[in-house]
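The chain contents come next:
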Amino acid sequence: GVKVERSRMAHQPQQTDQAPSLFLAQQLQLHRLPKGRALDVAAGSGRNALYLASHGFQVDAMDRDEQAMAQLAATAKQRNLPNLTVRTVDLERKTEERPEFPKQEYDVVVVFFYLHRALFPAMIDALKPNGVLIYETFTIDNYMRHRHPRRWEFCLAHNELLRLTSTLRVLSYDEGEHDDGYGPGSVFTARLVAQQTGPSSQQHESR
């Protein structure tokens, strides 16, 4: 049989507004995100990209939905956010080359409700030393409880996200039922904050 290793944007929870992920906002409040360049992978409507740009990050948002990227670019212009750029990219194309993930380019990489397992090495390599990955998507529990997404392959197995990011230092990890502040009810997800290797924060603080 064929093993499917991706989840499409159609499997995101239905968004009701442009409010950012509560999980992302919490990490910013905890000062876990190093300021600089940020990448929003499979950005969709761009709620998280807009949020990061409004807080001074230089943001690249990418998605394969050309219409969504055009709308995001228009919204960024309307909100006077020239520090947000968009790119239409087919993240699930069959290729060994990933120019959309230049190595050691980003201080922050965020991925919400999107799973394409083949991208993890490139996303991790795109982090600068001490760069932070923030990731949240459905676990198999959500499929078992709600039959959503429509295929179980689009969900993370228990602890799978930890295995996919094993080269990073885990700052925060949680699997369970979460309310993201939008959409109907809560969902079962895995939430991760992990850091690329580099000089420790203690070394930075002592300088």
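Computed from a predicted structure; not experimentally measured.

What counts and what doesn't
- Residue indices follow the written sequence of each chain, beginning from 1 at its first position.
- Local features in a predicted model are, by the rule used here, given only for residues with pLDDT of at least 70; side-chain atom pairs are given and counted only at 80 or more, and totals for whole chains, interfaces and linings are based on all residues.
- Side-chain metrics in this entry use all non-hydrogen atoms of the structure; hydrogen atoms and water are not considered.
- Only C-alpha atoms enter the line fits that serve as axes; for helices the fit covers just the stretch in contact. Angles between N-to-C directions range over 0 to 180 degrees.
- Note on conventions: DSSP H or I runs of at least 4 residues are helices, E runs of at least 2 residues are strands, and numbering of each starts at the N terminus.
- Throughout this description, any angle smaller than 35 degrees is read as roughly parallel, any larger than 145 degrees as roughly antiparallel, any in the 65 to 115 degree range as roughly perpendicular, and the remainder as oblique.
- Handedness of a crossing is defined here by the sense of rotation of the near helix relative to the far one, left-handed for an anticlockwise turn of less than a right angle and right-handed for a clockwise turn.
- Only heavy atoms matter for contacts: two residues are in contact if any of them lie within 4.5 Å across the pair.
- Under the convention adopted here, Pro, Cys and the residues Ala, Val, Leu, Ile, Met, Phe, Trp and Tyr are nonpolar, Asp, Glu, Lys and Arg are charged, and Gly plus all remaining residues are polar.
- What we call a nonpolar core is a set of buried Ala, Val, Leu, Ile, Met, Phe, Trp, Tyr and Cys residues that are connected through their side-chain atoms within 4.5 Å.
- The cut-offs for exposure are 20% and 50% of the maximum accessible area for each residue type, with area from a 1.4 Å probe on protein chains only; residues under the lower value are buried, those over the upper are exposed, and the others partly exposed.
- By this rule, a helix spans an expected 1.5 Å times one less than how many residues it contains.
- Polar contact is defined as a pair of N or O atoms within 3.5 Å, subject to the rule that within protein one atom must be able to donate a hydrogen and the other to accept it, and that residues adjacent in sequence are counted only when both atoms are side-chain atoms.

Section: the packing of helix 1 (residues 22-29) against helix 2 (residues 47-54)
Put simply, helix 1 and helix 2 touch, their axes get as near as 10 Å, and they point 20 degrees apart. Our classification of the angle between helix 1 and helix 2 gives roughly parallel. In the crossing of helix 1 with helix 2, the sense of the turn from one axis to the other is right-handed. Between helix 1, through Leu24, Ala25 and Leu28, and helix 2, the contact on the second element is made entirely by Asn48, Tyr51 and Leu52. When grouped by side-chain class, the residues that make up the contact of helix 1 with helix 2 number 5 nonpolar, 1 polar and no charged.

Details of the nonpolar core
Nonpolar side chains in soluble globular proteins tend to end up buried together. Membership of the largest hydrophobic core comes to 30 residues, with the highest contact counts inside it found for Leu24, Leu33, Leu52, Phe57, Val59, Leu84 and Ile134. Elements with a contribution of two residues or more to this core: helix 1, helix 2, strand 2 (58-63), helix 3 (66-78), strand 4 (106-112), strand 5 (127-138) and strand 7 (187-195). Among the elements that take part in this core, helix 2 stands out by supplying 5 residues, more than any other. Residues within four places of Leu84 in sequence aside, it is in contact with Ala49, Leu50, Ala53, Val59, Ala61, Leu72 and Ala76.

Quick notes on helix 3
Helix length check: helix 3, at 13 residues, gives a terminal C-alpha distance of 18 Å against a target of 18 Å (1.5 Å per residue), a fit within 8%. The secondary structure elements touched by the buried residues of helix 3 are helix 2, strand 2 and strand 3 (84-88). Capping of helix 3 at its N-terminal end is provided by Asp65; its side-chain oxygen lies 3.1 Å from the backbone amide nitrogen of Gln67. Of the residues one or two after helix 3, Asn80 is the one with positive phi, at around 60 degrees.

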